[in-house]
Structures are given as C-alpha cells and as structure tokens.
Amino acid sequence: MRILYLLFAVLLFLFQAAPGSADPIFPDTAECRSQGNFCRAGACPPTFAVSGSCHGGLLKCCSK
C-alpha cells in the first residue's frame, strides 16, 4: 500500500506543467492575444467579428 503513495507522488511530479509551457508557439496566436482578442475553433460569438487567424490558420481570431 505504501508503494501507491510513492507512485502517486512520482506521477504528480512527472505530469506537472512547467512555467511558460502554455505560451503560444505561433506568432499569429501571440499577436491575436496581445491585442486582447481570443482564438476560437468555430464561428465567433454573435457580438464578435473575425479579425485574423490563430495557430497557423487553423483557428479564428475573434475581436469585439
């Protein structure tokens, strides 16, 4: 039973996110978010308009 506690601690250590690992790697995504906009896979919400692309053209950049 003690091995389960050790295994759980090791798994938590292995799968923790490193600081900064969620930063966008695509320049268009960084530009979209720096302007206060957000990226979306589908259509933008009704009060938002498409102002560009994100993730290399896979997503849409939605702005107010």
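Our subject is the structure listed above.
Anyway, here's the lowdown on the structure attached to this text. (Residues numbered from 1 in each chain as written. Predicted model: local features only at pLDDT ≥ 70, side-chain atom pairs only at ≥ 80, totals over all residues. Heavy atoms only, no water.)

Concerning unusual backbone geometry
Put simply, the rule reads: In this text, helices come from DSSP runs of H or I with a minimum length of four residues, and strands from runs of E with a minimum of two, each type numbered from the N-terminal end. Here the term buried applies to any residue with accessible area under 20% of the maximum for its type, exposed to any over 50%, and partly exposed to those in between, with areas from a 1.4 Å probe on protein chains only.
Positive phi values are uncommon outside glycine, yet H55 reaches one of about 50 degrees. With respect to the helices and strands, H55 occurs in the loop between strand 2 (49-54) and strand 3 (59-63). Classification of H55 by relative accessible area gives partly exposed; the value is 25%.

A closer look at the state of the cysteines
Selection rule: Two cysteine sulfur atoms form a disulfide, by the criterion used here, when they sit within 2.5 Å.
Counted under the stated rule, the structure contains three disulfides. Note that C32 is cross-linked by a disulfide to C61, the S-S spacing being 2.0 Å. When the S-S torsion is 90 degrees, as for the bridge of C32 with C61, the disulfide is right-handed. Here C32, found in helix 2 (residues 27-34), pairs with C61, found in strand 3; they are 29 residues apart in sequence, far enough to count as distant. Take C32 and C61: they sit in the same class, and that class is buried. Here C39 pairs with C54 through a disulfide, and the sulfurs are 2.1 Å apart. Looking along the S-S bond of the C39-C54 disulfide, the torsion reads about -75 degrees, which is the left-handed sense. Here C39, found in strand 1 (residues 38-40), pairs with C54, found in strand 2; they are 15 residues apart in sequence, far enough to count as distant. Judged by its relative accessible area of 0%, C54 is buried. Looking at the protein chain, its bonded cysteines, counted consecutively from the start of the sequence, adopt the pairing 1-5, 2-4, 3-6.

Details of the pairing of strand 3
Using the following cut-off: By this definition, two strands are paired if DSSP reports at least two bridges between them.
Pairing geometry for strand 1 and strand 3, over three bridges, is antiparallel. Residue pairing for strand 3: F38 is matched across the bridge by C62. Taken together, the five bridges between strand 2 and strand 3 define a ladder with antiparallel strand orientation. Bridge pairing links C54 to L59 in strand 3.

Taken by themselves, the reported measurements are silent on function.
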